[in-house]
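Each chain is listed here by its residues.
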Amino acid sequence: MLKIKIKVKHLVLSVLAIAVALPLLTEVALPYWNLYYARQQAAAGNIRGVQGIMEALDGSLFTEKQKQKLIRETMIEGAIAPERMRASNYDLYVGPGHTQSHLPNRTELFRTEEKVPYLEYYVDQASIDGYWSQAVKHLAYVYERQGQPEEAIRTLEEAERRLTAKNFAYVRQTLVFRQAELLAASGQVEEADRVLAEFAYRLQEGGTNGSGEIARMRARVWIDAGQSRQALERFSAELEEANSLPAASANRQVFIHQLTMLQELLQKEEQRLEAGRTIVSGTLRRSDGTPIVNAGVFLREESIANRSVTEQDPYQTTTDASGQYTFYGVTPGSYQLYLGMNFDQISGWTWPIGNDEWTIIDGQPNVSLPVTLYPLLELFSPVNQQTLSGPDIEFEWERVEGAAYYNVNVGIGFKNGSGSTTLQTHVENNRLTIPAERLYDQVFGLSYETERDWASADPSGLLGFSNPDNRFFWSVEAFGADGRMLTKSSGYRLDDDSIGNLPFFYMKQRTLTEADRLVQVSHYEEALSKYKEVLENDPNDVHALRMVIRLLQSKALVMKDESIQDAVVPYLKRMLEVHPEAVYASALAEYYAGKRDWTEYNATIGLYDRLRRSPLSSYEQSVRGKTLTQQSRFDEALTYFEQAMRQDGSHRFVGLYLAVEIYTDRSMEDALRIAKAYPEHFVGPPQRDWARLVEAMGEEAASSSQALTYMDELRKKLEWVFQGDEERLRSWIAGTRQDGMKEFVRAVMAVR
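In this text, all values refer to a predicted model and were calculated from it rather than measured experimentally.

**Some words on the overall build of the protein chain**
Line of reasoning, step 1. Helix and strand content of the protein chain: 28 helices and 20 strands.
Line of reasoning, step 2. Here the protein chain holds 752 residues, and 47% of them are scored as buried.
Line of reasoning, step 3. Within the protein chain, counting contacts between residues at least 6 apart in sequence, those at least 24 apart form 67% of the total.
Line of reasoning, step 4. Carbon together with sulfur atoms contributes 49% to the accessible area of the protein chain, which is approximately 37600 Å² in total.

**Points about the nonpolar core**
Line of reasoning, step 1. Counting residues in hydrophobic clusters, the biggest one holds 65 residues, and the most contacted among them are Trp132, Leu175 and Leu196.
Line of reasoning, step 2. Here this core gets nine residues from one element, more than from any other, and that element is helix α7 (residues 169-185).
Line of reasoning, step 3. With residues near it in sequence (within four places) discarded, Leu196 still touches Val176, Phe177, Ala180, Ile214, Met217, Arg218 and Val221.
Line of reasoning, step 4. Counting residues in each nonpolar core, the second largest holds 44 residues, with Ile662, Ile733, Met741 and Val751 among its members.

**Section: the pattern of salt bridges**
Pairs can form between side chains of opposite charge once their charged atoms are near each other.
Line of reasoning, step 1. As enumerated under the stated definition, the model contains 44 salt bridges in all.
Line of reasoning, step 2. One salt bridge in this structure joins Glu451 and Arg452, with 3.6 Å as the shortest N-O distance.
Line of reasoning, step 3. Using a relative accessible area of 48% as the deciding quantity, one classes Glu451 as partly exposed.
Line of reasoning, step 4. Overlapping salt bridges bring together Glu144, Arg178, Glu181, Arg220 and Asp224 as one network.

**Some words on the packing of aromatic side chains**
Line of reasoning, step 1. Here the structure, examined in full by the defined rule, presents 25 aromatic pairs.
Line of reasoning, step 2. Judged by centre distance (5.0 Å) and plane angle (55 degrees), the rings of Phe395 and Trp474 are tilted. You can see Phe395 sitting in strand β14 (residues 392-397) and its partner Trp474 sitting in strand β18 (residues 472-479), a full 79 residues away along the chain. Taken individually, Phe395 and Trp474 each receive the classification buried, so the pair is uniform in this respect.

**A look at the packing of helix α19 (residues 582-595) against helix α20 (residues 598-611)**
In a pair of packed helices, the angle between the axes and the distance between the axes together describe the arrangement.
Line of reasoning, step 1. Look at α19 against α20: their axes get within 8 Å of each other, and the N-to-C directions meet at 160 degrees. In terms of orientation, α19 and α20 fall into the roughly antiparallel class. Viewed along their axes, α19 and α20 form a crossing whose handedness is left-handed. Residue-level inspection shows Ala582, Ala585, Ser586, Leu588, Ala589, Tyr592 and Ala593 of α19 in contact with α20, the latter providing Trp598, Glu600, Tyr601, Thr604, Ile605, Leu607, Tyr608 and Leu611.
Line of reasoning, step 2. Residues of the contact of α19 with α20, tallied by class, amount to twelve nonpolar, two polar and one charged.

**Digging into empty space enclosed by the protein**
Line of reasoning, step 1. Applying the stated criterion across every chain, the model contains two cavities of 30 Å³ or more.
Line of reasoning, step 2. By volume, the second largest cavity is sized at about 40 Å³.
Line of reasoning, step 3. The wall of the second largest cavity is formed by Lys415, Asn416, Ser447, Tyr448, Glu449, Ser456 and Asp458.
Line of reasoning, step 4. Residue composition of the lining of the second largest cavity, grouped by class: one nonpolar, three polar and three charged.

**Re the confidence of the model for the protein chain**
Any residue range with low pLDDT should be treated as having predicted coordinates unsuitable for detailed reading.
Line of reasoning, step 1. Confidence in the prediction of the protein chain, expressed as mean pLDDT, is 88, and 90% of residues score 70 or more.
Line of reasoning, step 2. Counted against residues more than four places away or in other chains, residues 17-22, with its pLDDT under 50, gives zero contacts.

**Considering the sheet that holds β14**
Line of reasoning, step 1. Read across the sheet, three strands follow the order β12-β14-β17 without closing on themselves; strand pairing throughout is antiparallel. Of all strands in the sheet, those bounded by a partner on one side alone are β12 (379-381) and β17 (431-435). In this sheet, neighbouring strand axes are inclined to one another by 20 degrees on average, regardless of whether the strands run parallel or antiparallel.
Line of reasoning, step 2. The pairing of β14 with β17 spans five bridges and is antiparallel. Paired with Glu396 across the strands is Arg431, a residue of β17.

**Overview of the side chain of Lys115**
Line of reasoning, step 1. Structurally, Lys115 is set in helix α4 (residues 112-125).
Line of reasoning, step 2. Given a relative accessible area of 1%, Lys115 falls into the buried group.
Line of reasoning, step 3. Here His138 takes part through its side chain, which lies 2.8 Å from a polar atom of the side chain of Lys115.

**Here we look at the pairing of strand β11 (residues 371-375)**
For a regular strand, side chains alternate in direction, first toward one face of the sheet and then toward the other.
Line of reasoning, step 1. For strand β3 (residues 278-286) and β11, the ladder comprises three bridges, and the chain directions are parallel. Residue pairing for β11: Arg286 is matched across the bridge by Leu373.
Line of reasoning, step 2. In this structure, strand β8 (residues 349-350) lies alongside β11, joined through two bridges in antiparallel fashion. Looking at the pairing, Trp349 lines up with Pro375 of β11.

**Comments concerning unusual backbone geometry**
Line of reasoning, step 1. Going from Ser381 to Pro382, the amide bond is cis rather than trans, its omega being 0 degrees.
Line of reasoning, step 2. Note on placement: Pro382 falls in the loop between β12 and β13 (386-388).
Line of reasoning, step 3. The phi dihedral of Asn294 falls on the positive side, at around 60 degrees, and the residue is not glycine.
Line of reasoning, step 4. Looking at the secondary structure, you find Asn294 in the loop between β3 and β4 (296-301).
Line of reasoning, step 5. Of note in the backbone geometry, Gln385 takes a positive phi value of approximately 65 degrees without being a glycine.
Line of reasoning, step 6. Among the secondary structure elements, Gln385 is positioned in the loop between β12 and β13.
Line of reasoning, step 7. Note on Gln385: relative accessible area 34%, which makes it partly exposed.

**A short note on the side chain of Asp441**
Line of reasoning, step 1. Mapped onto the secondary structure, Asp441 falls in the loop between α13 (436-440) and α14 (459-463).
Line of reasoning, step 2. A polar atom in the side chain of Asp441 sits 3.0 Å from the side chain of Arg546.
Line of reasoning, step 3. In contact with Asp441, not counting residues within four places along its chain, are Arg546, Arg550, His579, Glu581, Val583 and Tyr584.

**Observations regarding helix α25 (residues 690-703)**
Line of reasoning, step 1. Between the first and last C-alpha of α25 there are 20 Å, a value that for 14 residues agrees with the 20 Å anticipated at 1.5 Å per step.
Line of reasoning, step 2. Within the span of α25, buried status applies to Trp690, Ala691, Leu693, Val694, Met697, Glu700 and Ala701.

**Digging into the pairing of β4**
Line of reasoning, step 1. Taking burial as the measure, the six residues of β4 include five buried ones, the bulk of the element.
Line of reasoning, step 2. In terms of strand pairing, β4 meets strand β5 (residues 316-318) through three bridges, oriented antiparallel. Within the sheet, the bridge partner assigned to Gly296 lies in β5 and is Thr318.
Line of reasoning, step 3. Bridging between β4 and strand β7 (residues 333-341) involves six bridges; their strand directions are antiparallel.

**Side note on the environment of Pro291**
Line of reasoning, step 1. For Pro291, the position within the fold is in the loop between β3 and β4.
Line of reasoning, step 2. In the structure, Pro291 is positioned 30 residues away from Ala321 in sequence and 7.4 Å away in space, judged by C-alpha atoms.
Line of reasoning, step 3. With residues near it in sequence (within four places) discarded, Pro291 still touches Leu284, Arg285, Ala321, Ser322 and Gly323.

**Considerations on the environment of Ala644**
Line of reasoning, step 1. Assignment of secondary structure puts Ala644 in helix α22 (residues 634-647).
Line of reasoning, step 2. In sequence terms Ala644 and Val654 are ten residues apart; their C-alpha atoms lie 9.1 Å from each other.
Line of reasoning, step 3. Filtering out sequence-adjacent residues up to four positions away, Ala644 remains in contact with Ser618, Gln621 and Ser622.

Scoring rules and cut-offs
Residues numbered from 1 in each chain as written. Predicted model: local features only at pLDDT ≥ 70, side-chain atom pairs only at ≥ 80, totals over all residues. Heavy atoms only, no water. Helix = DSSP H or I, 4+ residues; strand = E, 2+ residues; numbered from the N terminus. Buried < 20%, exposed > 50% of the residue type's maximum accessible area, 1.4 Å probe, protein only. Contact = heavy atoms within 4.5 Å. Areas by Shrake-Rupley, 256 points an atom, 1.4 Å probe, with all protein chains shown as cover. Core = buried A, V, L, I, M, F, W, Y, C linked by side-chain atoms within 4.5 Å. Salt bridge = Lys/Arg side-chain N within 4 Å of Asp/Glu carboxyl O. Phe/Tyr/Trp six-rings, centres within 6.5 Å; stacked < 30°, edge-to-face > 60°. Axes fitted to C-alpha atoms, helices over the stretch in contact; angles between N-to-C directions. Parallel < 35°, antiparallel > 145°, perpendicular 65-115°, else oblique. Left-handed = near helix turned anticlockwise from the far one by under 90°. Nonpolar A, V, L, I, M, F, W, Y, C, P; charged D, E, K, R; others polar. 1 Å grid on protein atoms, 1.4 Å probe; cavity = no way out; pocket = protein on both sides within 12 Å on 5 of 7 lines; lining within 4 Å. Points joined across faces, edges and corners; volume = space filled by probe spheres on them. pLDDT = per-residue confidence, 0-100. Pairing = 2+ DSSP bridges. Polar contact = N/O pair within 3.5 Å; in protein donor to acceptor, adjacent residues only side chain to side chain. Expected span 1.5 Å × (residues − 1).

See below:
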C-alpha cells in the first residue's frame, strides 16, 4: 500500500489558506461571476438575468463606481435610451396604405418603470460626461412617457444647474431646449419662452454666444403652438420699444439681437402660412374612452404617403395625456394620417381604416381627424390548426354590433411570406358555409423570383387550397351600412387577454396526385403534361382543368408571352361547362376584352354576373366602364365610373371618366368639377393632377381662335384613345403644338 506523509504544520497551513480563500471566493469572485452570468442571461432575453442585474445594483457588494458603470452599460450605453418621443421610437406604424413595424438593433433589457430609480441615482451621483447627459435626457423621456411632464421638466432643470463650467455650454443648451419643448408641449408656451430668453442672457454673461440657436428655438416654440402671428406682433412691438431707448447695455444688446432674429424667423413663417392656415387636430382613444397617450401622429403628404415613416416627416407630433394632438399651419394638399404605437398600446385593438382614405386641406381653418381603436373581432371556427376533412367548410365569427355585412378573406403561406384573397363580400350573417371545392378555385397572386424562368415561380400559389400539406388562414372584416369598416379580426394579439383563437387550419379532403407533386418541386412542364394526360382520360376532371389553366396562365406571366393565353381559352370554356364559377368567367371575359371581341366579351361578362356571389368591387366597376367606353356605350360607362368614384378613394380611373365626360358633354367646366371632386390618389408614379390638366386645356381652348374646332379635335384624339389606336396617337403627339391637349391625352392613355 502506498503511504503519503504530510507534516502537521503543512496541513495546518493548507487549512488556513482555504479558510482565507473561501470568504474571498464568496465575497469577491462569486458576485462577479453571478453578475457576469446574469448579464449573459439578460442579453439572451431571460428575465432572471435582469433580476440578477437589479440585485447587484440594490446590494452592497459593489462600489458606487461599479454600480454607475453597470447602469451606464445596461441602461444607457448598450440599451435603447431615447431622449424624446420620435418616429423611430415606436414598434409599429399604422395607416391607410400600409403597416410598418420597427425592430430596433438593440434589445431593451429593462421595462420603463424598472429603470427609473437607477437612472435617478445615476443622474444624481455620476460624473458629468456624455453618458450623464444622455441619462438625464432619457430619464426625462421616461417621465414624459409615464405621463409625468412636471417630473421630466424638474429633472432637466436640476441637471442644468449642475453644469457651471464653460465647457458644458452645449450640454446645457440641449437640456434647456428639451425643457422648453416639454413646457410648450404641456401648454406653457410663455414659460418655455422665458426659460430660453433667460438662458440666452446666462450664456452671454458666461462669454458664450448661442444667440442664433436660441432664437430659432424660441421661434419654433411659438410656431409649433400655432401662435406665430401673435408672437410676431408682440416681439415686433418689444423690438421697436427697445430700439427707441438710449444706448444699450450688453444685456440689452443680447435682448435686441434675440428680438431681431425672432422677428425675421416669425415673418418667414407667416409668409409660408399665407398659402393656408389650417389647424388639423383630433383625439386618439379606444372605443371604451381610454386615451392613447404618447402615441405618434403623422400627417403625411401624398408625395410621401407610400413610403416608410421617418424622422424627416414634416408633420409629426405625439398625443398628450388626454390623447389629443394638433398640427398648426398645414398647407393645402392631400394627406393621410398615420399612427406610431408600441405593441402594448395596440395589442388586441385595431384602427379600422380603408386603404384610400384621404384628407383634403384646401385653406379651411380647422379640420378634425379623431381616431378610435376598436377591439379585434374574434374568430370561432375553423381555428387553432383545426384539420378539416368534410365536403363543406363552415366559417363562424363574432357578431359585431352595428355591422350590416362582413367580408371573409382566406390566405395561404408562400415560400417568402403569405398571400390572401377575398372569398366573399357582403355576408349578412356571422356564418358562411361553402363547399371545399370553392376554396380550391381561389386564385392568388403569383410569386416568382426571375423573369422568364418559369421554375422560379412559387408552387404554393399554384396549388393553393388543394395542397393538403399547406397551412391556411382566414380573416373577417365588419362593415356598417355606410360601407365604413367597423373592425376586423387580423391584428396584433400579444398578451394573454387578447391572444384569442388563432386563424389557422388545414384541409385534408384530398391527397396529392402525381402531377401535384411535380408542381410542388417546380417541375412545371412535366406537371402540365401529366394533367393533360388526366384530361385525355377524363375531360371533366375539375382539378386537372384547374391546374392546366393555372400553369398556362403562370407561364404566360413569367415568360412575358401573351400568346400562351390563347392556349388557356379552350380549358376555360371547358371548365365553365363542367364547373361554372365566376373566377373562370372573369378570366375568359378579360381575354376577350384584350382581343376587343365584344360579342364574346358581353356574353361571358353576362355569365360572370350570373355566377358571382358578391357585388362588383370599385375596380370591377371601373373596368366595366372602360370596356363600355371601348364599345362606344358612353352613357352606361359614365354610370359605372360614377359608382366607382364614390367607392374607390384612389380614383385611379378618373382620367378615363373625364375623357368620356368631355367627349359626350363637350364641357370643360363639368370635367373640371369632376376632377376636383375626385382627385387621383393612386399610389406610385405617375401622380396626375387632373384638375390642372383640364384647366390647361380650358386655357388653351380659350386662347384658340376657333374653340369649337379645338373641341372637335380633342374629341377625335379621345376617340383614338378609346379605339386603342396608339400608332396614330404617337404620331400626333410627336407633331402637335397643342401642349395642353397633348398632356391630357397622354395621361388618359396611361390610365390602367
